[in-house]
Amino acid sequence: LDALVDSAAIAAASALDEEALRAGEGIVLVPDGARVRAAAVLAADPPDAFAVSVVGDEVTVVARTSADLRLLPLLLPAESEVTVRAEASAVPEFRP
C-alpha cells in the first residue's frame, strides 16, 4: 500500500497548470487534475478508501485497506484482519 500511495502522490503532483508555467508564473498545481491522477494510479489496486488533498503546492494522498493476517495466528490469535493506512505527500519541483 505504501508504494501505491507514494506513486499516487507523485502522479498527483505532476498535475501542473502548463499555461501558468509557460507564462513564467511558476508552478501552479491543478487540484482537480491532481485528484484525477491520484485516483488513476490507485485504480491499479484499489484500496477500501482514499482521500486526496491539495493545499497550496502540496498534495497528500491517504489510503486505507484491510489486510488478512490469517497466516500469523501466533501474533494475532483473535483477529485475522486489520486495517492498514498509508500516507504520502509530494510537492512539484521545477529544475531547468
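Up top is the structure.
The following paragraphs examine the structure supplied in this document. (Residues numbered from 1 in each chain as written. Predicted model: local features only at pLDDT ≥ 70, side-chain atom pairs only at ≥ 80, totals over all residues. Heavy atoms only, no water.)

### Focus on helix α3 (residues 31-42)
In a regular helix each residue adds 1.5 Å, so twelve residues correspond to 16 Å; α3 covers 17 Å between its end C-alpha atoms and thus fits that length. Residues of α3 that are buried: Ala-34, Ala-38 and Leu-42. Buried residues of α3, viewed axially, fall in a sector of 65°; they line one side. Away from the buried face of α3 by more than 90 degrees, exposed residues Asp-32, Val-36 and Ala-40 are located. In the core, the buried residues of α3 are packed alongside α1 (2-12), β1 (49-55) and β2 (58-68). (Helix = DSSP H or I, 4+ residues; strand = E, 2+ residues; numbered from the N terminus. Expected span 1.5 Å × (residues − 1). Buried < 20%, exposed > 50% of the residue type's maximum accessible area, 1.4 Å probe, protein only. Arc of directions from axis to C-beta. Contact = heavy atoms within 4.5 Å.)

### Remarks on α1
If you check which residues of α1 are buried, you get Leu-4, Val-5, Ala-8, Ala-9, Ala-11 and Ala-12. Angularly, the buried residues of α1 cover 165° about the axis, an arc narrow enough to put them on a single face. Of the exposed residues in α1, those oriented more than 90 degrees away from the buried face are Asp-2, Ala-3 and Ile-10. In this structure, the buried side of α1 is in contact with α3, β2 and β3 (81-90).

### What to know about the packing of α1 against α3
The geometry of α1 relative to α3 is characterised by a closest axis approach of 8 Å and an angle of 150° between their N-to-C directions. One finds that α1 runs roughly antiparallel with respect to α3. When the axes of α1 and α3 are compared, the crossing they make is right-handed. Along its contact with α1, which presents Leu-4, Val-5, Ser-7, Ala-8, Ala-11 and Ala-12, the element α3 presents Ala-34, Arg-37, Ala-38, Val-41 and Leu-42. Its residues assigned to classes, the contact of α1 with α3 shows nine nonpolar, one polar and one charged. (Axes fitted to C-alpha atoms, helices over the stretch in contact; angles between N-to-C directions. Parallel < 35°, antiparallel > 145°, perpendicular 65-115°, else oblique. Left-handed = near helix turned anticlockwise from the far one by under 90°. Nonpolar A, V, L, I, M, F, W, Y, C, P; charged D, E, K, R; others polar.)

### Some words on the pattern of salt bridges
This model, assessed by the stated rule, comprises three salt bridges. Residue Arg-35 is joined to Asp-32 by a salt bridge in which the shortest nitrogen-to-oxygen separation is 3.5 Å. Linking Arg-35 with Asp-32, this pair stays in helix α3, spanning three residues, or about one helical turn. Owing to a relative accessible area of 34%, Arg-35 belongs among the partly exposed residues under this scheme. For Asp-32, a relative accessible area of 56% translates into the label exposed. (Salt bridge = Lys/Arg side-chain N within 4 Å of Asp/Glu carboxyl O.)

Nothing here speaks to function; it is all geometry.
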